[in-house]
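Below are the chains, spelled out letter by letter.
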Amino acid sequence: MKLEITGIRNLKSLIPISRKHLRKIPWLITLNLLAIIALIVLGSYAKIQGKGRGLISLFSDPFSSHYYYLGWLTGVSEIIWCVAIAVCLFTFTLLPKSHRKKVFFLASGLLMTLLYIDDRFRLTLIMAAVFSSFNHVKITIYLIYGSLIVAYGRKFWSVIARTPYLPLIAAFVLFGFSSAIDITPLPNKAAHAMLEDGSKLIGLINLTIYFWYVCYCEITRVLQKGISSSS
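Conventions used here
- Residues numbered from 1 in each chain as written.
- Predicted model: local features only at pLDDT ≥ 70, side-chain atom pairs only at ≥ 80, totals over all residues.
- Heavy atoms only, no water.
- Phe/Tyr/Trp six-rings, centres within 6.5 Å; stacked < 30°, edge-to-face > 60°.
- Core = buried A, V, L, I, M, F, W, Y, C linked by side-chain atoms within 4.5 Å.
- Buried < 20%, exposed > 50% of the residue type's maximum accessible area, 1.4 Å probe, protein only.
- Helix = DSSP H or I, 4+ residues; strand = E, 2+ residues; numbered from the N terminus.
- Contact = heavy atoms within 4.5 Å.
- Patch = residues over 30% accessible without salt bridge, like charges linked within 9 Å, V, L, I, M, F, W, Y side chains within 5 Å.
- Areas by Shrake-Rupley, 256 points an atom, 1.4 Å probe, with all protein chains shown as cover.
- Salt bridge = Lys/Arg side-chain N within 4 Å of Asp/Glu carboxyl O.
- Disulfide = S-S within 2.5 Å.
- Axes fitted to C-alpha atoms, helices over the stretch in contact; angles between N-to-C directions.
- Parallel < 35°, antiparallel > 145°, perpendicular 65-115°, else oblique.
- Left-handed = near helix turned anticlockwise from the far one by under 90°.
- Nonpolar A, V, L, I, M, F, W, Y, C, P; charged D, E, K, R; others polar.
- Lys, Arg positive; Asp, Glu negative; His and termini not counted.
- Charge placed at Lys NZ, Arg CZ, Asp CG, Glu CD.

Evaluated as defined, the whole model comprises 15 aromatic pairs. Relative to Phe-211, the ring of Tyr-210 lies with its centre 5.0 Å away and its plane at 75 degrees, an arrangement referred to as edge-to-face. Connected via pairs of aromatic rings, a cluster forms that spans Trp-81, Phe-104, Phe-105, Tyr-116, Tyr-152, Phe-156, Phe-172, Phe-175, Tyr-210 and Phe-211.

Put into structure tokens, the structure is as follows:
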């Protein structure tokens, strides 16, 4: 009996705790509802159209028992992408509103998010496959991304110039090299993969190191100012 009463009390105390947590994270319910609605729509569509296998493929693991190393380096690249994006956007949320580099970290995070989404979901490949001129579409998209990177560099050069920007420049150069190899036909597929994806992986390593260092220094500087002003 005591156990039942204790259980009821714990359930009742859970309600105000949940309300308190939801007030701190007001968008939690919205994101969960959107995810649930999206899954319901996908499930209903697959049921009506008889495309259950297609739905299964959306959640299938990229694994082969014959080639257990399938996509390992691609997975590593995607993890590094996410680290760089998370570092920039988290730093953006930590810095005060009046901080002069706040917009720089936001723009960096959004630009990397755009490139990551294209790379992760193969949007360029999909668009190139839809249209007949495969390489022409790729070149157009790469030129758009290149223009965005140039505009980003010109806009925030005053900020970048005060940082050890060599890894950032190296990353963008390697990304450009990887894109050039992608549209260059090479007879050796292994060499093509090494040059294209290998250069992109090294570029991502440099990109992540750069933003990790810059974000770390900026947050440390803000914390030190806060400590000195409070004392």
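Let's pick the thread back up.
Judged by nonpolar contacts, the single largest core of 32 residues is most densely connected at Trp-81, Phe-104, Met-112, Leu-207 and Phe-211. Where this core is concerned, the elements lending two or more residues are α4 (72-94), α5 (102-121), α7 (134-155), α8 (157-160), α9 (166-182) and α10 (189-230). Residue contributions to this core peak at seven residues, all from α10. Those residues in contact with Met-112 that lie beyond four places of it in its chain are Trp-81, Ala-84, Ile-85, Cys-88, Leu-207 and Phe-211.

A cluster of nonpolar side chains, namely Leu-22, Ile-25, Trp-27, Leu-28, Ile-29, Leu-31, Leu-33, Leu-34, Ile-36, Ile-37, Ile-40 and Val-41, defines an oily patch on the protein surface of about 1,100 Å² accessible area. Per-element accounting of the nonpolar patch gives the leading share, nine residues, to helix α2 (residues 28-49). Summarising the element assignment, Ile-29 is placed in helix α2.

Right, let's get into the state of the cysteines. Here, disulfide denotes a covalent bond that connects the sulfur atoms of two cysteines. In the structure shown here, the tally under the stated rule is zero disulfides. Its sulfur unpaired, Cys-82 is 13 Å from the next cysteine sulfur, which belongs to Cys-88.

It is worth spelling out the environment of Ile-219 at this point. Here Ile-219 is to be found in helix α10. Ile-219 has contacts with Thr-91 and Leu-94, leaving out every residue within four places of it along the chain.

Following the sequence through the fold, Asp-119 ends up in helix α5. Setting aside chain neighbours within four positions, we find Asp-119 in contact with Trp-81 and Lys-200.

So, on to the environment of Cys-215. Here Cys-215 lies in helix α10. Sequence-wise, Cys-215 and Cys-88 are 127 residues apart; in three dimensions their C-alpha atoms are separated by 6.9 Å. Leaving out residues up to four positions away in the same chain, Cys-215 has contacts with Val-87, Cys-88, Thr-91 and Phe-105.

On to the packing of α4 against α5. When two helices pack together, you describe them by how their axes are tilted relative to each other and by the distance separating the axes. The geometry of α4 relative to α5 is characterised by a closest axis approach of 8 Å and an angle of 155 degrees between their N-to-C directions. As judged from the angle between their axes, α4 and α5 are roughly antiparallel. The way α4 lies across α5 gives a crossing that is left-handed. For the pair formed by α4 and α5, the contact residues are Glu-78, Trp-81, Cys-82, Ala-84, Ile-85, Cys-88, Leu-89, Thr-91, Phe-92 and Thr-93 on the first element and Lys-102, Phe-105, Leu-106, Ser-108, Gly-109, Leu-110, Met-112, Thr-113, Leu-115, Tyr-116, Asp-119 and Arg-120 on the second. Along the lines of polarity and charge, the residues of the contact of α4 with α5 split into 13 nonpolar, five polar and four charged.

On to unusual backbone geometry, then. Outside of glycine, negative phi angles account for most residues, and trans bonds account for most peptide bonds. In this structure, Arg-122 is a non-glycine residue whose phi angle is positive, near 55 degrees. With respect to the helices and strands, Arg-122 occurs in the loop between α5 and α6 (123-130). We classify Arg-122 as partly exposed; its relative accessible area is 32%.

Together, Arg-19, Lys-20, Arg-23 and Lys-24 make up a positively charged patch on the protein surface. For Lys-20, the location among the structural elements is in helix α1 (residues 2-24).

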